[in-house]
Amino acid sequence: EKCWPEDVTSLLIETHNLAESVFQWMLKKFPVDVRRLPDKSQDGNWTKEMAAEILQTLPVAQLTNDTIRRLALQKLRDIRNAMARGNSALKALMFAALLSTVEHATHPLRELSGDTLALDRILDMTDARNRKAGHAGGERITKEDAMAFADFVVQWVQIFKGWY
């Protein structure tokens, strides 16, 4: 069946938005004190090594080295905005949601296994969206890849049903 590239791109964008909304929900249901991060005066001193160290000490299902590497690139300001307002990019929202596990023993990111959470796959979808959607003249995602990400994220959202 023939479909327009714009429709495939739109599917990927909507899939990304769905995953993003799950992390926004987590931050509302399981808020985290912004003081867990260095204050604004330290924005210029924030390094990926500092971010990685924080991620490695969280009480969550084992984060892969790849997840830590990818999330450690987030700016301190963006993570703080995700914590305070929930209006940052997906990776900053994911970092903030992971940080909120420190304050909530029943947080789904604590209780579910790393394989179930599949955060690397969420990051793959986000990277595909950033590379292949919304940028004129850039690479395009295939219909099959967009459908696979959409199917995955719809299933992924369902693992959190017990916490809604």
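What counts as what
- Residues numbered from 1 in each chain as written.
- Predicted model: local features only at pLDDT ≥ 70, side-chain atom pairs only at ≥ 80, totals over all residues.
- Heavy atoms only, no water.
- Salt bridge = Lys/Arg side-chain N within 4 Å of Asp/Glu carboxyl O.
- Helix = DSSP H or I, 4+ residues; strand = E, 2+ residues; numbered from the N terminus.
- Buried < 20%, exposed > 50% of the residue type's maximum accessible area, 1.4 Å probe, protein only.
- Contact = heavy atoms within 4.5 Å.

Asks: It is not clear to me how the pattern of salt bridges should be interpreted in this structure. Could you clarify?
Replies: Should their charged atoms come close, side chains of opposite charge can pair. Taken as a whole, this structure holds eight salt bridges when the rule is applied. The shortest N-O distance in the salt bridge between Asp124 and Arg70 comes to 2.8 Å. Of the two residues, Asp124 is situated in helix 8 (residues 119-132) and Arg70 in helix 3 (residues 65-71); the sequence distance between them amounts to 54 residues. A residue is classified by how much of its surface remains accessible, and Asp124, at 33% relative accessible area, is partly exposed. The shortest N-O distance in the salt bridge between Asp127 and Lys91 comes to 2.6 Å. Separated by 36 residues along the polypeptide, Asp127 in helix 8 and Lys91 in helix 5 (residues 90-99) bring together distant segments of the chain.

Asks: Explanation requested: helix 5 in the structure shown.
Replies: In terms of burial, helix 5 is a largely internal element, ten of the ten residues being buried. Taken together, the buried positions of helix 5 are Leu90, Lys91, Ala92, Leu93, Met94, Phe95, Ala96, Ala97, Leu98 and Leu99. Buried residues along helix 5 sit against helix 1 (5-29), helix 2 (48-56), helix 3, helix 4 (76-85), helix 6 (108-111) and helix 8.

Asks: Hey, could you run me through unusual backbone geometry in this one?
Replies: Glycine aside, residues mostly have negative phi, and peptide bonds are mostly found in the trans state. With a phi angle near 50°, Ala118 is a residue other than glycine that sits in the positive phi range. One can find Ala118 in the loop between helix 7 (114-117) and helix 8. Given a relative accessible area of 17%, Ala118 falls into the buried group.

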